[in-house]
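# Chains, contacts and geometry: an overview
Residues per chain are reported as follows:
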Amino acid sequence: MWIGWIRFDLLLGDVHSLKEKRSILRPILAHLSRRTEAAAAETGAHDLHRRAEIGVAVVAATPAHVRDVLDTAERVMAEHPEATLLSAGRGLHSSDD
């Protein structure tokens, strides 16, 4: 079994409250979950209005499938102009590690 994750550091547009931030992140998270069939959540920068950290995690039988899912997640993030992707970091681990 292989476990993979990707973390996105995002800069949001003209956001003035945490409520506005959540209204932007909610559809992004739903889109990521739908397109990748992986777990997606806000994982950091919770108290900052214009910054967000999103994490996507996947478990699969092969490392190739994990990489495919993470590649898809990165493409999905690029489809959302309301969030500028500042950085992305990945990890891949075997359950034997």
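Here's what I pulled together on the structure shown here.

About the cut-offs
- Residues numbered from 1 in each chain as written.
- Predicted model: local features only at pLDDT ≥ 70, side-chain atom pairs only at ≥ 80, totals over all residues.
- Heavy atoms only, no water.
- Pairing = 2+ DSSP bridges.
- Helix = DSSP H or I, 4+ residues; strand = E, 2+ residues; numbered from the N terminus.
- Expected span 1.5 Å × (residues − 1).
- Buried < 20%, exposed > 50% of the residue type's maximum accessible area, 1.4 Å probe, protein only.
- Contact = heavy atoms within 4.5 Å.
- Core = buried A, V, L, I, M, F, W, Y, C linked by side-chain atoms within 4.5 Å.
- Patch = residues over 30% accessible without salt bridge, like charges linked within 9 Å, V, L, I, M, F, W, Y side chains within 5 Å.
- Areas by Shrake-Rupley, 256 points an atom, 1.4 Å probe, with all protein chains shown as cover.
- Salt bridge = Lys/Arg side-chain N within 4 Å of Asp/Glu carboxyl O.

### Points about the pairing of strand 2 (residues 39-44)
Bridge analysis of strand 2 against strand 3 (residues 51-60) gives 5 bridges, and the strand direction is antiparallel. Of the residues in strand 3, the one forming a bridge with Ala41 is Gly55. Linking strand 2 back to strand 3 in an antiparallel pair, the connection comprises 6 residues, with Ala45 at a positive phi of about 55°.

### Thoughts on helix 1 (residues 18-36)
Here helix 1 is 19 residues long and its end C-alpha atoms lie 26 Å apart, about the 27 Å a rise of 1.5 Å per residue gives. Looking at helix 1, one finds that the buried residues are Lys21, Ile24, Leu25, Ile28, Leu29, His31, Leu32 and Thr36. Those residues of helix 1 hidden inside the fold are in contact with strand 1 (2-12), strand 2, strand 3, helix 2 (63-78) and strand 4 (83-94). Glu37 sits one or two positions beyond helix 1 and adopts a positive phi of about 55°.

### Considerations on the environment of Trp5
Among the secondary structure elements, Trp5 is positioned in strand 1. What makes Trp5 partly exposed here is its relative accessible area of 35%. Taking the C-alpha atoms as reference points, Trp5 and Glu20, 15 residues apart in sequence, are found 26 Å from one another. Beyond its immediate sequence surroundings of up to four residues, Trp5 is in contact with Val56, Ala57, Leu70, Gly89, Arg90, Gly91 and His93.

### Here we look at the pairing of strand 3
Successive side chains on a regular strand alternate, one facing one side of the sheet and the next facing the other. Examined bridge by bridge, strand 1 and strand 3 share 10 bridges and lie antiparallel to one another. Within strand 3, the position partnered with Trp2 by the bridge is Ala60.

### Regarding the nonpolar core
In terms of nonpolar packing, the biggest core is built from 23 residues, with Phe8, Leu10, Leu12, Ile28, Leu32, Ile54 and Val56 touching the most fellow members. Elements that contribute at least two residues to this core include exactly strand 1, helix 1, strand 3 and helix 2. Sorting elements by how many residues they give to this core places helix 2 first, with 6 residues. If sequence neighbours within four positions are ignored, Phe8 has contacts with Ala52, Glu53, Ile54, Val56, Ala73, Glu74, Met77, Leu85, Ser87 and Ala88.

### Notes on a nonpolar patch on the surface
Together, Met1, Ile3 and Val59 give the surface a local cluster of nonpolar side chains, amounting to about 290 Å² of exposed area. Note on placement: Val59 falls in strand 3.

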